[in-house]
There are 2 protein chains.
Amino acid sequence: MDTAIVNTTLVTMRGDRLGVVDDGAVGVTDGELTYVGPGDDLDETAADDVVDAAGCVTLPGFVNAHTHMRHTLLRGGAQDVPEIEWMNRALGPLASHVEGEDAVVGARLGAMEAVRSGATTVCEYGDEVGRLVEEVYRPLGVRTVATETINEVPDDRSDLGPRDLYPFDREQGEAALARADALFEEYADVDLVTPMYGPQALDMVSLDLLHDVFERCREHDRDVHMHVAQGERERLQIDERYDATTVEVLDEEGLLSERLLAAHLHGATEAERARLVERGVRMVGNPSSICGIDGIVPPIDEYRKHGGVVGIGTDQAPGPGGHNVLRELRTASMLSKADAGDPTALPAWAALRVATVGGARALGIDDRVGTLEVGKRADVVTVEVDTLGTAPNVSRPFHTVVPNLVYASTGAEVRDVFVDGEAVVRDGSFVDADADAVVAEANERAARVFEAAESDWRDADSELVDRADEGWL
Amino acid sequence: MDTAIVNTTLVTMRGDRLGVVDDGAVGVTDGELTYVGPGDDLDETAADDVVDAAGCVTLPGFVNAHTHMRHTLLRGGAQDVPEIEWMNRALGPLASHVEGEDAVVGARLGAMEAVRSGATTVCEYGDEVGRLVEEVYRPLGVRTVATETINEVPDDRSDLGPRDLYPFDREQGEAALARADALFEEYADVDLVTPMYGPQALDMVSLDLLHDVFERCREHDRDVHMHVAQGERERLQIDERYDATTVEVLDEEGLLSERLLAAHLHGATEAERARLVERGVRMVGNPSSICGIDGIVPPIDEYRKHGGVVGIGTDQAPGPGGHNVLRELRTASMLSKADAGDPTALPAWAALRVATVGGARALGIDDRVGTLEVGKRADVVTVEVDTLGTAPNVSRPFHTVVPNLVYASTGAEVRDVFVDGEAVVRDGSFVDADADAVVAEANERAARVFEAAESDWRDADSELVDRADEGWL
């Protein structure tokens, strides 16, 4: 046995409840969970490395199921502006100055933030995502779902009105599809990297290309991760092009299936979402991002109640602030309660399942991770709960640590992070990565990007320009 | 000069904006701010203690303007239940077993959580609050606003229907009033303790007693802190007793004035709240608590937009989870955006003012604290922002640290906490208090309380009992 985690409360997620085990232990051999159960039945002397997790809860690592990490370099750059300004007048003028290595450094910062706060899987969604896999995720040792963005629309659409149809550039789409295909070949035998196709959204790709993508999925047993019903711009384009809604078009085309992971869905109706659940479509919600940008609460709790598979993601940092899954759970629960006017909406236990086994199912990797069970890969985190902000915890008549993890913890309590049995974080510090150096490099590069972007940012004239000049920022 | 804080970005809150100073410094002599400005103009060699705050933001300590800290012992004990069950069927059966010293330990845990995450003032609201002042707040060295609860209603109201008028026990009310009066005498010359009268709510006190309280306030220049329009139970009682709303009764009686700090206000109408602003009534909102218990978003942003003075509080831990003001700011902003369907609601800069100068004004202590200005008392915190979760930060074309403090920080980044010039927390650790011992004692006492309460808790039969038995908790 390589590692034994002992003296701990386990939250295993085994079965369809939380599967809490008091005085539990976990054994890991060759990256696999070889023991999960009462501490008394594990011989820890047989382990090379014994992790005393007294005062900690041990649970499956969190799954951050939807991110665009490169934007982390622009954290704090675009928020508190009207939805209509966010993309083109606030974020856009800054993002256009993020070049080459800047994106890698931004992604590294975001990925490390996610892992430090307990994520063992990060789904990265972006152009040329293979570069981030090689330069960020594999060196960090974190499990990643690499989603290559596929779109056929030119980046600069500033001349187009909202109902002017985007032109499709098939060549651009084919190139992205080829990059995605290459990822599947490249990582066929790499357990820590799972590619997905990322047709960006129905307004960004032609139906021809979309059918090509789904055809490959059926042929090779692969999955699709797509933004679906994400807001007004998409709705207008789809209405103009197809005289229908996104969900109607996808259903008509026979593309609503278990192969599809749909991000967002707040632009669909409840009836449409119920149809998605029926078709086996999975969902990922991004509460802080969508609330921060749009003032909208994603339908995570509704989708769950309809019986759908749902995971959670942090999307992008400029806006919601970051990539901390535990904080995202609290936000998701509070927003769901406010949105429903019901304090029982998205309770703590449901949120914890969304962040673990829910995310693993959403990404199609639940055969390997998402629960603590013998035979699964050892993606495991310990979270200290004997802290001023999360204590006290009792185990009778119920485990207060379940609500305390969701409502009381901040993410800083995460102590150890194991991915595939390897320690990535021990006692709160990265084993192999240098956090201070990454922060310093991000500061330097961000200073350069913001300086280079200042003139464009002023010309774009979002409300933030006035607020800055008035002394609010 | 006793202390110099150097190499830091200042967020002073001076004037009516944020007053950011790059490369700033603060000087402290005899507990007073004697220098606030550019670092170049401060001779740090004249200081006994030099705090190098490179990578940190330095700002006025946060004001947690409404708490009932004793309930922190029951953290994780009551949440995710219908509003109608929360008080009497979920929290009540546990709270009735919190005895004597338990309340002190719970309050100590909560107060230390608050201070560790940057609060330099905690407003404590409770019965016999003087005991907590002496046993918790003064030993901890934190500024406190001690609000003695005054009510005339017996604790056990389980026999009464919602429209059965509560009986008033004048003797009970007079005893509480006398305790409050004694606090004003006791702490007349103690700068760190500011008493307030705490008539609990209009359904809990007679008009006679309430007029007595306000009469004392006018005579001695004192203030009142009262729960106002906090929900359905209050509304029904006031309607039955006065055939009017709480705000109407208070206005009719001439009690809406600058002497009143009103907690909650979500049960009033917007027109009523506008009237409160006109009358000079101050407000404190408690977003996580009210959302967690009621699924309601407090009208913090609305009150601010009407021009009212507004602070923020964490109320109680069983439900929202804790007493971390920075986290509460993020929650407040996200909830306000969702509630308004508007991403510009409660922007970061406004939230930071609410938590500092807003809270100080709400509690009537802004002559001494709430901003960094020469002549004020030195309640100052440093927050590390060169972290994986809060970097990068740039100062041009605007200070991204303003949104990053609110949306990206978790509260764990707070590094140093000075109250009245004294270091309470340095480098993340309490100077004089033993956090581990407090956590351990809270765990022991909580285990005893929950065990003793189990039978009552089961008999009260909230939904949590079923959830626990089903394996969700």
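For every chain, the first residue of its written sequence is number 1, and the numbers climb from 1 along that sequence. Whichever chain is written first becomes A and whichever ligand is written first becomes 1, with later ones labelled in order. In keeping with the predicted nature of the model, local features appear solely for residues at pLDDT of at least 70, side-chain atom pairs appear and are counted solely at 80 or more, and the whole-chain, interface and lining totals rest on all residues. Water and hydrogen atoms were dropped before computing side-chain values, which therefore reflect all heavy atoms in the structure.

### A closer look at the overall build of chain A
Stage number 1. For chain A, the count of helices and strands is 15 helices and 17 strands.
Stage number 2. Each principal axis of the C-alpha distribution contributes one length, and for chain A these read about 70 × 50 × 50 Å.
Stage number 3. Classification of residues uses two cut-offs on accessible area relative to the type maximum, computed with a 1.4 Å probe and protein chains only: under 20% is buried, over 50% is exposed, and between them is partly exposed. Buried residues in chain A amount to 63% of all 473 residues.
Stage number 4. Long-range pairs, those at least 24 residues apart, make up 72% of the contacts in chain A between residues at least 6 apart in sequence.
Stage number 5. Taken as a whole, chain A presents about 15700 Å² of accessible surface, with 42% of it coming from carbon and sulfur.
Stage number 6. Lys and Arg are tallied as positive, Asp and Glu as negative. Neither His nor the chain termini are counted. The atom standing in for a charge is NZ when the residue is Lys, CZ when it is Arg, CG when it is Asp and CD when it is Glu. Across chain A, the mean location of the 42 positive side-chain charges is 3 Å away from that of the 91 negative side-chain charges. Numbering of helices and strands runs from the N terminus; a helix is a DSSP stretch of H or I covering at least four residues, while a strand is a stretch of E covering at least two. Residues are treated as being in contact if the distance between any of their heavy atoms lies within 4.5 Å. Values of accessible area rely on a 1.4 Å probe in the Shrake-Rupley scheme; residue burial ignores everything except the protein chains shown.

### Focus: the interface of chain A and chain B
Stage number 1. Tallying the contact residues gives 86 residues for chain A and 86 residues for chain B.
Stage number 2. Contacts described as polar in this section are N or O atom pairs within 3.5 Å, which, within protein, must combine one atom able to donate a hydrogen with one able to accept it, while residues neighboring in sequence count only if both atoms come from side chains. Inspection of the region where chain A meets chain B yields 38 residue pairs in polar contact (both at pLDDT 80 or more).
Stage number 3. Put simply, the parts of the chain that give the side of chain A that touches chain B at least two residues each are helix 2 (101-116), helix 9 (287-294), helix 11 (325-340), helix 12 (348-362), helix 13 (401-408), helix 14 (435-460) and helix 15 (463-469) of chain A.
Stage number 4. Broken down by class, the residue content of the side of chain A that touches chain B amounts to 41 nonpolar, 25 polar and 20 charged. We call Asp, Glu, Lys and Arg charged. Ala, Val, Leu, Ile, Met, Phe, Trp, Tyr, Cys and Pro are nonpolar, and the rest, Gly among them, are polar.

### Some details on the pairing of strand 15 (residues 414-419) of chain B
Residues and elements named next belong to chain B.
Stage number 1. Counting buried residues along strand 15, six of its six residues qualify, which places the element largely inside the surrounding structure.
Stage number 2. Strands were regarded as paired on the criterion that DSSP finds at least two bridges between them. With four bridges connecting them, strand 14 (residues 380-384) and strand 15 associate as antiparallel partners. Each residue of the ladder has a partner; that of Val-381, found in strand 15, is Val-417.
Stage number 3. With three bridges joining them, strand 15 and strand 16 (residues 422-426) adopt antiparallel strand pairing. Along strand 16, the bridge assignment pairs Val-417 with Val-425.
Stage number 4. A loop of two residues connects strand 15 with strand 16, the two strands running antiparallel in sequence, and Asp-420 in this loop sits at a positive phi of about 55°.

### Quick look at the relation of the copies chain A and chain B
Stage number 1. The transform that puts chain A on chain B rotates by 180° and translates by 0.0 Å along the axis, for an RMSD of 0.0 Å. Expressed as a symmetry operation, the mapping of one chain copy onto the other fits a two-fold axis.
Stage number 2. A share of 100% of interface residues in chain A that are also interface residues in chain B marks the association as one of identical surfaces. What sets the superposition is a least-squares fit of C-alpha atoms, and only residues with pLDDT of at least 70 in both copies go into it.

### Some words on empty space enclosed by the protein
Stage number 1. Here a cavity is any set of points on a 1 Å grid over the protein atoms alone where a 1.4 Å probe fits but cannot get out, and a pocket is any open set with protein on both sides within 12 Å along at least 5 of 7 lines; a residue lines the site when it has an atom within 4 Å of a point. Grid points are joined across faces, edges and corners, and a volume is the space filled by probe spheres set on the points. Counted according to the given criterion, the structure contains one cavity of 30 Å³ or more.
Stage number 2. Estimates place the volume of the largest cavity at around 60 Å³.
Stage number 3. The wall of the largest cavity is formed by Arg-327, Arg-330, Thr-331, Met-334 and Leu-335 of chain A together with Arg-327, Arg-330, Thr-331, Met-334 and Leu-335 of chain B.
Stage number 4. Listing elements by their share of the lining of the largest cavity, those giving two or more residues are helix 11 of chain A together with helix 11 (325-340) of chain B.

### Considerations on unusual backbone geometry
Residues and elements named next belong to chain B.
Stage number 1. That bond from Ala-391 to Pro-392 is cis: its omega, -5°, falls within 30 degrees of zero.
Stage number 2. Within the fold, Pro-392 resides in the loop between strand 14 and helix 13 (401-408).
Stage number 3. Although it is not a glycine, His-264 sits at a positive phi angle of roughly 85°.
Stage number 4. For His-264, the location among the structural elements is in strand 11 (residues 260-264).
Stage number 5. Of the residues examined, His-264 reaches a relative accessible area of 3% and is grouped as buried.

### Considering helix 6 (residues 232-242) of chain B
Residues and elements named next belong to chain B.
Stage number 1. Within the sequence span of helix 6, burial applies to Glu-234, Leu-236, Gln-237 and Ile-238.
Stage number 2. The elements touched by buried residues of helix 6 are strand 10 (224-228) and helix 7 (246-252).
Stage number 3. Positive backbone phi, approximately 55°, marks Asp-243, located one or two places after helix 6.

### What to know about the domain arrangement of chain A
Residue and element names in this part refer to chain A.
Stage number 1. As assigned here, chain A comprises domain 1 (3-60 + 370-430) and domain 2 (62-363).
Stage number 2. Once you take the C-alpha centre of each, domain 1 and domain 2 turn out to be 29 Å apart.
Stage number 3. Each partner contributes residues to the interface: domain 1 has 31 residues there, and domain 2 has 33 residues.
Stage number 4. Put simply, buried area is the surface a 1.4 Å probe can reach on two separate parts but cannot reach once they are joined, added for both. For the pair domain 1 and domain 2, the summed buried surface comes to about 2500 Å²; carbon and sulfur atoms form 66% of the total.
Stage number 5. Ranking the residues of domain 1 by area buried against domain 2 places Val-406, Tyr-407 and Phe-430 at the top, with a combined share of 26%.
Stage number 6. For this document, the term salt bridge refers to a Lys or Arg side-chain nitrogen within 4 Å of an Asp or Glu carboxyl oxygen. Taken together, the links from domain 1 to domain 2 amount to two salt bridges.
Stage number 7. Taking the shortest distance from any N to any O, the salt bridge between Asp-420 and Arg-143 comes out at 3.1 Å.
Stage number 8. On the surface where domain 1 and domain 2 come into contact, there are 13 residue pairs in polar contact (both at pLDDT 80 or more).
Stage number 9. Going through the elements one at a time, strand 5 (56-60), strand 14 (380-384), helix 13, strand 15 (414-419) and strand 16 (422-426) are the ones with two or more residues in the side of domain 1 that touches domain 2.
Stage number 10. Tallied by class, residues from the side of domain 1 that touches domain 2 come to 19 nonpolar, seven polar and five charged. Domain borders in the structure are assigned automatically or taken from a domain database.

### Focus on the side chain of Asp-251 of chain B
Stage number 1. Summarising the element assignment, Asp-251 of chain B is placed in helix 7.
Stage number 2. Non-local contacts of Asp-251 of chain B, meaning those with residues more than four positions away in its chain, are made with Leu-256, Arg-275 and Arg-279 of chain B.

### Some remarks on the packing of aromatic side chains
Stage number 1. Here a Phe, Tyr or Trp ring, Trp counted by its six-membered ring, pairs with any other such ring whose centre lies within 6.5 Å, and the pair is stacked when the planes are under 30 degrees apart, edge-to-face when over 60, and tilted otherwise. As enumerated under the stated definition, the model contains six aromatic pairs over all chains in all.
Stage number 2. Between the aromatic rings of Phe-184 of chain A and Tyr-197 of chain A, the centroid separation amounts to 4.7 Å while the plane-to-plane angle is 40°, which identifies the pairing as tilted. Taken together, the residues span a long stretch of sequence, with Phe-184 of chain A in helix 4 (residues 170-186) and Tyr-197 of chain A in strand 9 (residues 193-199) at a distance of 13 residues. Residues Phe-184 of chain A and Tyr-197 of chain A agree in their burial class; the two are buried.
Stage number 3. Between Phe-450 of chain A and Phe-398 of chain B, the ring centres sit 6.3 Å apart and the planes meet at 80°, which makes this aromatic pair edge-to-face. In this pair, Phe-450 of chain A is assigned in helix 14 and Phe-398 of chain B in the loop between strand 14 and helix 13, connecting two distinct chains.

### Description of the packing of helix 2 (residues 101-116) of chain B against helix 3 (residues 129-140) of chain B
Residue and element names in this part refer to chain B.
Stage number 1. Axis geometry follows a simple rule: fit a line to the C-alpha atoms, using only the stretch in contact for helices, then measure angles between N-to-C directions, giving values from 0 to 180 degrees. Interhelical geometry of helix 2 versus helix 3 gives an angle of 35° and a closest axis separation of 10 Å. Helix 3 is crossed by helix 2, and the crossing has right-handed handedness. Judged by residue contacts, Glu-101, Ala-103, Val-104, Ala-107, Arg-108, Ala-111, Met-112 and Val-115 of helix 2 engage Arg-131, Leu-132, Glu-135, Val-136, Tyr-137 and Leu-140 from helix 3. Crossing handedness is defined as follows: a turn of the near helix away from the far one that is anticlockwise and smaller than a right angle gives a left-handed crossing, while the clockwise case is right-handed.

### A few points about the packing of helix 12 of chain A against helix 13 of chain A
All names here are of chain A.
Stage number 1. One can describe the packing of helix 12 onto helix 13 by two numbers: an axis separation of 8 Å at closest approach and a directional angle of 70°. Judged on the interaxial angle alone, helix 13 and helix 12 are roughly perpendicular. Facing helix 12, whose interface residues are Ala-348, Trp-349, Ala-351 and Leu-352, helix 13 presents Val-402, Pro-403, Leu-405, Val-406 and Tyr-407. Any angle that is under 35 degrees is reported as roughly parallel, and any over 145 degrees as roughly antiparallel; angles of 65 to 115 degrees are reported as roughly perpendicular and all others as oblique.

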